[in-house]
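Descriptive analysis of the structure
This is what each chain is made of:
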Amino acid sequence: MPEPDAPLTLDSRIADLYARPLGRDVVDKVLLQLGRGRAWVTNPAVSRLRLRTLARLARPVVGTGFLEVVIDLVNACPPAPPVDTGPTEPTWWKEAVFYQVYPRSFADADGDGVGDLRGIIDRLDHLAGLGVDCLWLSPIFASPGADNGYDVSDYRAIDPQMGSLADADELIAACHDRGMRIILDLVVNHTSDQHPWFQEARRDPDGPYGAYYFLREGSPDAPPNNWTSFFSGPAWRWLEGAQRWALRLFAPEQPDLDWDNPAVRAEVADIVQWWRARGVDGFRLDVINYISKAPQLPQGNTFVGKLMGFTGVEHYFHGPRLHDHLAELRRTGFTDPADTDNVGVMIGETPGVGVEVGRLLTNQDRGELDLVFNFDHLEAPGKQRFDDYRYDLNDLKAHYLDVQSRLGSREWMSIFWDNHDNPRMVSKVDPEGSHRAGVAKALATIQLTMRGTPFLYQGQEIGAANQAFSGPADLRDVESLNRLAERATAGVDGWVEVMAGSRDHARTPMRWDASASHGFTTGTPWIGFHESGTGWSVAEQQADPASVLSWTRDLIALRREHRALRLGSISFVDTHVRDYFAWWREWQGERWFIEINLRPRPLPRRQRNLDLEVVHGTAADRRSPMAAYEALVCRER
């Protein structure tokens, strides 16, 4: 048996691979994509197999070189941190409720049809009344808009459609005046091609700014490698004038930055310090785990590309210097040089990262990120975002049972589902909308009483659902439009799959009232409303004690009042019972019991012997069978 930290080789066993953080995550990801359980690799017969034998047996499916790629990745990953079982150390961001605003679609104050900072300022009292502790803004920086602000042309300027720097300062102050914090979205894996750095790199690719990006010589008909873009096509763009290829994992207008260049890292740290000095309390870092690419940008493995949908992803989803770069950014950017105890909250969007690498990234003793966004729970095993299917909440239950069992007291997790990059979870669970309010309340109960930090997305508090777009002309999302075009080129109608996963479902404007423009704008909205149900606006739900809005507001208030619901330990009960999800939260002797029916029909009542008071629930007591999607928050007497 090799030593725990000895490098893996083809003579190592599957059990050795699965014992390493990245090894377990990779195997779990493959099993998830194949719709298989862990018993496929943890049973004694399989776990004792040598990787050389596995490579030979799997060659007809995975081809050659797959296991070698995995071994190299695993050997470059740090060892797992110990699981600390001590008490949880309180921090403001562990106890907070975050609320994400997509500024283009939240509130438009000037009537041009695009949301803006003044509109957000005007609606801050809604967030304060809801009980939000921290506002998170999707990008507000200057941008040509190729990807709705995720292509930044100036990190120290505000997009004119959003307002001005003075508006940003006023918004920061207005949040703080209400006892709320504010974080911004920082996109630094890539910039806009209109950013001065890239403009100078195009002009002089051999100059200092050429080294800010991945510019490679070659011929226009032969990209440097076979990597593919998340937004369709090759991950390379030919620059005619510069006679160079530019790496772009996303849109052609979003060239990737080379973080191995110290000058790039210094620029990013300076941007963070600049905004921190203006009062920003931290950042959510967009696709931050992509910032470290493998040296020489090697060819992507074809099996990985087929399995994950993107060729080359194994060379940057957990690059060789990722942890070093993040630790350095925390020291040089997020830490106040005049007060080293003052560190802005550092939240990473980390697509493709699993539970064990997530632990590495967020373990307090390692000094990297505070929280990560892992997306595996948003899809059922074997499914991906563009698959058209009904989501089973038992899969969500299985995810949290697994993750919570592996986290120590030195790690913490984010709790989210809706955001600007995903369709609405309410509609994934209940596509027909027949249990819309019940599903919304059940999801809110899980999110606001689970151990972790909840991140609400605008509209969740009113049960916002997917949109009935009628055709491509209704869409604005570059990813969706590119996918439709790509499928059409292949002779396939891609409408059903795009409607299953389009980001535009969550990007239509906030519904403030029941008027034609729903109180969002006095002009023509940049993207239309395509859902005609009544009763799903803030004004319609504000005074209704049975509304999703009232449910969410009351639940946040309960969470704020009782620390057991914020920092308490968690222990699950009856985990084997399908459709039933229940757990205890405990803090310094105070005990709360939460139970939820995960299905759209009644469920026999369980745990009847418990002496509980229903404090917040969709049922008044526990005497009857659980109704469809019933959710109860109970205190032990």
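Cut-offs applied
Residues numbered from 1 in each chain as written. Predicted model: local features only at pLDDT ≥ 70, side-chain atom pairs only at ≥ 80, totals over all residues. Heavy atoms only, no water. Helix = DSSP H or I, 4+ residues; strand = E, 2+ residues; numbered from the N terminus. Buried < 20%, exposed > 50% of the residue type's maximum accessible area, 1.4 Å probe, protein only. Contact = heavy atoms within 4.5 Å. Areas by Shrake-Rupley, 256 points an atom, 1.4 Å probe, with all protein chains shown as cover. Lys, Arg positive; Asp, Glu negative; His and termini not counted. Charge placed at Lys NZ, Arg CZ, Asp CG, Glu CD. Pairing = 2+ DSSP bridges. Salt bridge = Lys/Arg side-chain N within 4 Å of Asp/Glu carboxyl O. 1 Å grid on protein atoms, 1.4 Å probe; cavity = no way out; pocket = protein on both sides within 12 Å on 5 of 7 lines; lining within 4 Å. Points joined across faces, edges and corners; volume = space filled by probe spheres on them. Nonpolar A, V, L, I, M, F, W, Y, C, P; charged D, E, K, R; others polar. Expected span 1.5 Å × (residues − 1). UniProt positions renumbered as here; feature names shortened; annotations may be inferred. Phe/Tyr/Trp six-rings, centres within 6.5 Å; stacked < 30°, edge-to-face > 60°. Lys NZ or Arg CZ within 6 Å of the ring centre and 35° of its normal.

Here's the deal with the overall build of the protein chain
Regarding its fold elements, the protein chain presents 23 helices and 20 strands. Across the 637 residues that make up the protein chain, the buried fraction comes to 60%. Considering only residue pairs separated by 6 or more positions, the protein chain has 69% of its internal contacts joining residues 24 or more positions apart. For the protein chain, the computed accessible surface area is about 24100 Å², with 51% contributed by carbon and sulfur atoms. Each charge class in the protein chain was averaged separately, 69 positive and 89 negative side chains, and the resulting centres sit 6 Å apart.

Some thoughts on the sheet that holds strand β1 (residues 98-101)
Pairing is parallel across the open sheet formed by 8 strands, whose spatial order is β13-β12-β9-β5-β2-β1-β15-β14. The outermost strands of the open sheet, each flanked by one partner alone, are β13 (371-373) and β14 (414-415). Pairing analysis gives 2 bridges linking β14 to strand β15 (residues 453-457), with the strands arranged parallel. When the sheet's bridge partners are listed, Ser414 is paired in β15 with Thr453.

Side note on the pattern of salt bridges
Side chains bearing opposite charge may pair, as long as their charged atoms lie close to each other. A full pass over the atoms with the stated rule returns 57 salt bridges. Ionic pairing is found between Glu411 and Arg359, a salt bridge with its closest N-O pair at 3.1 Å. Of the two residues, Glu411 sits in the loop between α16 (393-406) and β14 while Arg359 sits in helix α15 (residues 355-362), which places them 52 residues apart along the sequence. Take Glu411 and Arg359: they sit in the same class, and that class is buried. With a shortest N-O distance of 2.9 Å, Arg591 and Glu636 are connected by a salt bridge. Taken together, the residues span a long stretch of sequence, with Arg591 in strand β18 (residues 590-597) and Glu636 in strand β20 (residues 631-636) at a distance of 45 residues. Since its relative accessible area comes to 35%, Glu636 is described here as partly exposed.

So, empty space enclosed by the protein
Using the criterion set out here, one finds 6 cavities of 30 Å³ or more in the structure. Approximately 200 Å³ is the volume found for the largest cavity. Contributing to the lining of the largest cavity are 17 residues, with Val355, Val372, Asn374, Val403 and Met413 lying nearest its centre. The leading source of residues in the lining of the largest cavity is α15, at 4 residues. Residue composition of the lining of the largest cavity, grouped by class: 8 nonpolar, 7 polar and 2 charged.

Some words on unusual backbone geometry
Of note, Gln243 is a non-glycine position whose phi angle comes to about 55°, a positive value. With respect to the helices, strands and loops of the structure, Gln243 is situated in the loop between β7 (236-239) and β8 (244-247). Looking at Gln243, the relative accessible area reads 37%, which means it is partly exposed. The phi torsion at Asp579 lies on the positive side, around 75°, for a residue other than glycine. Turning to its location among the elements, Asp579 is positioned in the loop between β16 (569-573) and β17 (580-587). Residue Asp579 is classed as buried on the basis of its relative accessible area of 8%.

Observations regarding α16
Between its first and last C-alpha atoms α16 spans 21 Å; for 14 residues at 1.5 Å apiece the expected length is 20 Å, and the two agree. Judged by how many residues are buried, α16 sits mostly within the fold: 10 of 14 residues are covered. For α16, the full list of buried residues reads Leu393, Asn394, Leu396, Lys397, His399, Tyr400, Asp402, Val403, Gln404 and Arg406.

A word on the UniProt feature "domain: Glycosyl hydrolase family 13 catalytic" (unreviewed entry) in the protein chain
In this numbering, the UniProt entry assigns the feature "domain: Glycosyl hydrolase family 13 catalytic" (unreviewed entry) to residues 100-507. Each end of residues 100-507 is marked by a C-alpha atom, and these two atoms are 12 Å apart; helix forms 32% of the span and strand 13%.

Looking at the layout of surface pockets
Put simply, the second largest pocket is a space of about 580 Å³. Around the second largest pocket, the lining comprises 21 residues; the ones closest to its centre are Val30, Leu34, Val41, Leu54 and Ala58. Secondary structure elements with two or more residues in the lining of the second largest pocket: α1 (14-18), α2 (21-34), α3 (39-42), α5 (51-62) and α6 (66-76).

Quick word on the packing of aromatic side chains
Under the counting rule described, the total for this entry stands at 32 aromatic pairs. Ring centres of Phe106 and Trp512 lie 5.1 Å apart, and the angle between their planes is 80°; on these two criteria the pair is classed as edge-to-face. You can see Phe106 sitting in the loop between β1 and α8 (117-122) and its partner Trp512 sitting in the loop between α20 (495-501) and α21 (538-541), a full 406 residues away along the chain. Comparing Phe106 with Trp512, the two get one shared label, buried. Put simply, the rings of Trp92, Phe98, Trp136, Phe373, Phe375, Phe416 and Phe455 pair up and form one aromatic cluster. Lying across the ring of Trp536, Arg436 places its NZ or CZ 3.8 Å from the centre.

Comments concerning the environment of Leu610
Structurally, Leu610 can be placed in the loop between β18 and β19 (612-617). Residue Leu610 is classed as partly exposed on the basis of its relative accessible area, which comes to 21%. C-alpha of Leu610 to C-alpha of Glu636: the two residues are 26 residues apart in sequence and 7.9 Å apart in space. Ignoring sequence-local partners within four residues, the contact set of Leu610 consists of Trp584, Phe593 and Arg622.

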